[in-house]
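# Commentary on secondary and tertiary structure
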Amino acid sequence: MNMLADRLSRHIRQDLQSMHGYAVQPSAGLVKLDTMENPFRLPEPLQRALGERLGAVALNRYPAERGDVLRAALAAHAQMPAGCDLMLGNGSDELITMLTLACDVPGATVLAPLPGFVMYELSAKLQGLKFIGVPTTPDFELDLPAMLAAVREHQPSLVYLAYPNNPTANLWCDAAIDAIIDAAPGLVVMDEAYQPFAARDSMQRLARHPHVLVMRTMSKFGLAGVRIGYLMGRTEVIREVDKLRPPFNISVLNCEAALFALEHADEYARQAAVIRSERDALQVALKAMNGVTPFPSQANMILARVVDAKRSFEGMKAQGVLVKNVSALHPLLANCLRLTVGTPPENQQMLHALQKSLS
């Protein structure tokens, strides 16, 4: 064992050995409301149709032209502007990795508001880039003077703006976003993972600004298990980043499942409407609870501050409901829980468990 430790010490990066990996909570036997998944499965007739379609896929062949068909279908679904192109990733995480690699020039910096999606910082650090996190205001709005000052000082190669943001679930002020885009010297990535639940998107920004990229995922659409992310931007930009993409990064099964979902987008739109309605009902119920302060949401999650996040998290888990305790992720998130919007029965069970945990 000492010999192995010596080998690891000499041949595995020291900064990597000191990091913590991305943690996934065990969820077996629990009502799973911790990772912003669409809680609805396809109706049985569509499940059978999908099964038959996947059964006919040529698994003996590498993925090829069907990826191009999926790219075209996603571009049409997103109403991608002219002059732009689209690349596929194995979820948004792979796209973030490729963007970090593409922007790894000497002295490069990655900048994003905090609290935010942890993969922006983790990917930057894994690639050896400097990460600058700019705290939001206490009510989780962009601190525009601080963001602009950080842009001027650090001249970031990459700026990430999640829209809506994770874990706070809010949409940033549009005027603030536009000011940051105008000031940014490098690329600005609008991460729209939760776009199916939001009132606004950034497609007009993509059309107006050649250095703006829009990143989306099919995970929140309803295909978290399929792992399809996509990045849209000017053709010249996408062409460069796409050079880093592994040639067969999207499996034929994932590709075909994604195409099937887009052909039945009306079903997923119906599910998203139910989730938005449930989210609004949850907001009302949470505001009525003593000791709970929910924040505005344009996603399929609600950030809520409670008296004691650790106690409420553990109490809810003991009652069979798993949420996310985000209170340790950033000082602004003190005593905050992130609650995924589930099915109507799951939401009622979650509210009951939260109320009991506060008693």
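Below: a short report on this structure. (Residues numbered from 1 in each chain as written. Predicted model: local features only at pLDDT ≥ 70, side-chain atom pairs only at ≥ 80, totals over all residues. Heavy atoms only, no water.)

Further remarks concern the sheet that holds strand β12 (residues 324-325). The strand order across the open sheet built from four strands is β9-β10-β13-β12, with neighbouring strands paired in antiparallel fashion. Edge positions in the sheet fall to β9 (292-294) and β12, since each of these pairs with one other strand and no more. The pairing of strand β10 (residues 301-306) with strand β13 (residues 336-340) spans five bridges and is classified as antiparallel. What sits directly across from R305, in β13, is C336. On top of the sheet, helix α15 (residues 344-358) reaches β9, β10 and β13; it is set at about 160 degrees to β13, its chief contact. (Pairing = 2+ DSSP bridges. Helix = DSSP H or I, 4+ residues; strand = E, 2+ residues; numbered from the N terminus. Contact = heavy atoms within 4.5 Å. Axes fitted to C-alpha atoms, helices over the stretch in contact; angles between N-to-C directions.)

A separate point is the packing of aromatic side chains. Counted by the stated rule, this structure contains five aromatic pairs. Pairing Y120 with Y160 gives two aromatic rings, centres 4.2 Å apart and planes at 5 degrees, and the pair type is stacked. Highlighted residues: Y120 in helix α6 (residues 118-126) and Y160 in strand β5 (residues 158-162), separated in sequence by 40 residues. An identical accessibility class is assigned to Y120 and Y160; each is buried. (Phe/Tyr/Trp six-rings, centres within 6.5 Å; stacked < 30°, edge-to-face > 60°. Buried < 20%, exposed > 50% of the residue type's maximum accessible area, 1.4 Å probe, protein only.)

Between helix α14 (residues 309-318) and α15, the least distance of the axes is 8 Å, while the angle of their chain directions is 130 degrees. Viewed along their axes, α14 and α15 adopt a mutual orientation that is oblique. In this structure, α14 crosses over α15, and the sense of that crossing is right-handed. Contact with α14, carried on its side by R311, S312, G315 and M316, involves M350, A353, L354, S357 and L358 of α15 and no other residues of that element. Residues of the contact of α14 with α15, tallied by class, amount to five nonpolar, three polar and one charged. (Parallel < 35°, antiparallel > 145°, perpendicular 65-115°, else oblique. Left-handed = near helix turned anticlockwise from the far one by under 90°. Nonpolar A, V, L, I, M, F, W, Y, C, P; charged D, E, K, R; others polar.)

On to the pairing of strand β3 (residues 109-114). Burial analysis of β3 places six of its six residues in the buried class, which makes it a mostly covered element. Where β3 meets strand β4 (residues 130-135), six bridges bridge the pair, whose relative direction is parallel. From the neighbouring strand, L111 faces β4, where its bridge partner is I132. For the handedness criterion, the β-α-β arrangement of β3, α6 and β4 is classed as right-handed. Here two bridges tie β3 to β5, and the two strands are oriented parallel to one another. Along β5, the bridge assignment pairs V110 with L158. (Right-handed = clockwise from strand over helix to strand, strands pointing away.)

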